[in-house]
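Close look at the chain arrangement
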There are 2 protein chains.
Amino acid sequence: MKQMECVFCQKTYSLDLFNLFCPECREPLLVKSPGQLLPVHSEKKSSLERHLGFLPSDEIIPGISLGEGSTPLLKLNRLMDQFNLPEIYIKNEMLNPTGSFKDRGTVIAVHKAVSMGIKTIGTVSTGNMAVSTAAYGARAGIKTLVLVSEETSDEKLYSAAVHGAILIKVKGDYGELFYKSLETGRKNHIYFINSTDPFRIEGYKVTAFELFDQFKEKIPTHIFVPVSSGGHIIGLMKAFKELKKRHKIDKYPAFIGVQPEKASPIAEAFLKGESKYTRIKKAGSVAQSINNPAPPGGNLVLKMIKELNGQIIKVPDSEILRAQSLLALYEGLFCLPASAATLAGLFRLKREKKLDPQDQTVLILTGAGIKNIKILDSSKMVILQTSLKKLDHTISSLLR
Amino acid sequence: MKQMECVFCQKTYSLDLFNLFCPECREPLLVKSPGQLLPVHSEKKSSLERHLGFLPSDEIIPGISLGEGSTPLLKLNRLMDQFNLPEIYIKNEMLNPTGSFKDRGTVIAVHKAVSMGIKTIGTVSTGNMAVSTAAYGARAGIKTLVLVSEETSDEKLYSAAVHGAILIKVKGDYGELFYKSLETGRKNHIYFINSTDPFRIEGYKVTAFELFDQFKEKIPTHIFVPVSSGGHIIGLMKAFKELKKRHKIDKYPAFIGVQPEKASPIAEAFLKGESKYTRIKKAGSVAQSINNPAPPGGNLVLKMIKELNGQIIKVPDSEILRAQSLLALYEGLFCLPASAATLAGLFRLKREKKLDPQDQTVLILTGAGIKNIKILDSSKMVILQTSLKKLDHTISSLLR
């Protein structure tokens, strides 16, 4: 049995799936990293199996997996040339089974649920995490509840509901719902796999191990990650800490966590040098997946980003939408605005002369754009009309 | 330079990108399979590079690839148990870069375009192929035209238009538009990468090679494939012919091409034992991606399926929609109806007692369900309402 730890209080606890926050300081508990050197099973085909030694599972059960991970790393030559940028790579997390990085976390948490005999899982989410949890719940044959805020449109829920998850719209404060779900989970023996769940975070580590492999055991200078609850970047940073502990790397990449200006409580605290963030009243960014006024992992992000010498920055919605468009137009990558925030962040660092031409940067593209087609500005699209008869003429005049 | 061949006239031709149908019989030309034994570069990480010897490219250019292929093979234990079915595996083509198998073909065709100095590419499609061609066109920096029928809703085009493709709605017969596009392509030096393009078909072969690897050089007894224009199943069958030529296999899997009843011209001809299909007036299936009244590769499919001893079957829309729902509910796989037609086909063969308990079947899931969320029947979904205060009560009564 792996031990849990609070990195704030520096205390360890034994695992209780229904109490995953520190009883003293209320910050998220993490799975304690093992002290010994861990083997990488490089002969294994699946990414999870290769890195099993780093994960809180004894085995990967094929009947739970949906084939998550092993996502492509692509170099963005055209964008680099066009805007005179240093080397840019993207890690395409959109190619996970339900179209977002969440699957990497869900699969590990569902393994934990199955191994502990849990009959019902749940999550609080309106987007990527809801779909991911519903899909893996269906695959494993576990009843799944998804709690959403009252205002969520039904249509947004269809891709979770199609998997048979029970959707519950809850009237009241959405931030409060996060903690309320854990309380109701304890009472009803439902494992709520929310955004900062420690087993989710363990799953996110695998992205970092894949990057390490894909860069042939070197490391890029910068890794840009969208930041919402904080769970994702915490997992990535934890993985690099484990690599350093194993003496596989001698320094860290600079992690650049990116928040949208209209939902940037962690970036604000970082800028002021504070160790605790202040929740904001209302978040209003177009980047829904990172439009988070009260990130439960915020303080942990601040602590870890300081330790790793990274930074949390903010970017305006206008730059996020422009970056979304550039990725689609120049590189054929259609991602959600939250993912594009990473490119907006890179442009920002470039503008502030904080990047060198020799830098190697990675953008983690977290979610597929097709999930929110309504956000697109159709006024920028070229849609013409003609007839079969006039087709030749229309086309030759286009090419002239 | 690879040679092209007409398998009907048994003549070979040298490559002309603007004349990819046989000048004598008007059937699609194919790339002639090489006579010699071909190496598999098993040390290479990307699937295309491993199988380069089988492809009409001298190299894979990283700046054109979007990380297509290497899709997961998953076993569907829960469905098998629930419905007493033989072994079922799915090949998850939804995890290609733009969410469908089309990417495997597009990447090879765009390689060909780049190597031949083509400045503009195009396609005739309203769905998966439009998006795929637009994305790879953007990635390669090639101007891209997408011709669609007049009635297509703008919204359906957004995920292609976001990549900067020029969308042209054309008034007139959609079947005619296919051939008209090739004519206008010849005049204007535009390479129209339509559904039966021989380089697309070469790309689809790689799925079969991956299956061969994933089954550890054995072969499943049945492979179920949705059939529209015919390009996809032609590619898969061609690959198995090449494996047999290399003496890697000694018999073929039974290919089961599946069409929806309301758009089944190839299945009708197959049932009647005819070698040519008759185009139907109007196709009306809910499975849009295979709702094809006049498949340009139809006769070639009939010829090859006979040679390989497979069959083309049809299934009603009601069974397609049920299969779509079952894949989502039992296995966490949300695919387009066209993909689910494969499972409907499997149920049909089971019902007709044409499957043995020892059979190993593969369903090729071709496209992601998120692309057509509107088709879902929300009356079957569970969406409840409550308040923060009543949440405990709502949940505990749900679990009782």
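Throughout, a residue's number is its position along its own chain's written sequence, starting from 1. Following the order in which they are written, the chains are lettered starting with A and the ligands numbered starting with 1. It should be noted that, the model being predicted, local features are given only for residues of pLDDT at least 70 and side-chain atom pairs only at 80 or more, the latter also being counted only at that level, while totals for whole chains, interfaces and linings use all residues. Note that the side-chain values use all heavy atoms of the structure and ignore hydrogens as well as water.

In the cavity and pocket records, a cavity denotes points on a 1 Å grid over the protein atoms alone where a 1.4 Å probe fits but cannot get out, a pocket denotes an open set with protein on both sides within 12 Å along at least 5 of 7 lines, and lining residues are residues with an atom within 4 Å of a point. Grid points are joined across faces, edges and corners, and a volume is the space filled by probe spheres set on the points. Per the stated rule, a full pass over the model turns up three cavities of 30 Å³ or more. Put simply, the largest cavity is a space of about 570 Å³. Around the largest cavity sit 37 residues that line it, and G99, A368 and I370 of chain A together with A368 and I370 of chain B are the ones nearest its centre. For this scheme, ten residues count as nonpolar: Ala, Val, Leu, Ile, Met, Phe, Trp, Tyr, Cys and Pro. Four count as charged, namely Asp, Glu, Lys and Arg, and the remainder, Gly too, count as polar. Broken down by class, the residue content of the lining of the largest cavity amounts to 19 nonpolar, 16 polar and two charged.

Okay, the interface of chain B and chain A next. Size of an interface, as often reported, equals the accessible area lost when the parts are brought together. Note on definitions: a residue-residue contact is assigned when non-hydrogen atoms from the two residues lie within 4.5 Å. Taken residue by residue, the interface counts 76 residues in chain B and 75 residues in chain A. Buried surface area refers to the total accessible area, computed with a probe of radius 1.4 Å, that the two partners give up upon joining, counted for both partners together. Carbon and sulfur atoms supply 66% of the area that chain B and chain A bury against each other, a total of about 6,400 Å² over both sides. Note on definitions: salt bridges are taken to be side-chain nitrogens of Lys or Arg within 4 Å of carboxyl oxygens of Asp or Glu. Summed over the shared surface of chain B and chain A, the number is six salt bridges. Of the charged contacts in the structure, one is a salt bridge between K187 of chain A and D392 of chain B, with a shortest N-O distance of 2.4 Å. For the purposes of these results, a polar contact is taken to be a pair of N or O atoms within 3.5 Å, where, inside protein, one atom must be able to donate a hydrogen and its partner to accept one; residues adjacent in sequence count only when each atom of the pair is a side-chain atom. Our count for the contact surface shared by chain B and chain A stands at 25 residue pairs in polar contact (both at pLDDT 80 or more).

Turning our attention to helix α3 (residues 102-115) of chain B. All names here are of chain B. Along its 14 residues, α3 runs 20 Å from first to last C-alpha, staying within 8% of the 20 Å computed at 1.5 Å per residue. Of all 14 residues in α3, twelve are buried, a share of seventy percent or more. Residue burial is assigned from relative accessible area. The probe radius is 1.4 Å, only protein chains are included, and a residue is buried under 20% of its type maximum, exposed over 50%, and partly exposed in between. Labels follow the DSSP assignment, with helices taken as runs of H or I lasting at least four residues and strands as runs of E lasting at least two, numbered in each case from the N terminus. K102, D103, R104, G105, T106, V107, I108, A109, V110, H111, K112 and A113 are the residues of α3 that are buried. On its buried face, α3 sits against α1 (47-50), β5 (87-92), β6 (120-124), α4 (128-140), β9 (190-192) and α7 (198-214). Looking one or two residues past α3, G117 carries a phi angle of roughly 70°, positive in sign. Given a helix with a known number of residues, its expected span is that number minus one, times 1.5 Å.

With that settled, consider the pairing of strand β8 (residues 166-171) of chain A. Most of β8 of chain A is tucked away, with five of its six residues classed as buried. Strand pairing is assigned whenever DSSP identifies at least 2 bridges connecting the two strands. Relative to β8 of chain A, strand β7 (residues 143-149) of chain A runs parallel, the two being bridged by five bridges. Within β8 of chain A, the residue paired with S149 of chain A across the bridge is V170 of chain A. After leaving β7 of chain A, the chain enters helix α5 (residues 154-161) of chain A and then returns to the sheet as β8 of chain A, a path that is right-handed. Across five bridges, β8 of chain A lies against strand β14 (residues 383-387) of chain B in parallel orientation. Seen with its strands pointing away from the viewer, a crossover is right-handed when the path leading from the first strand over the helix to the second is clockwise.

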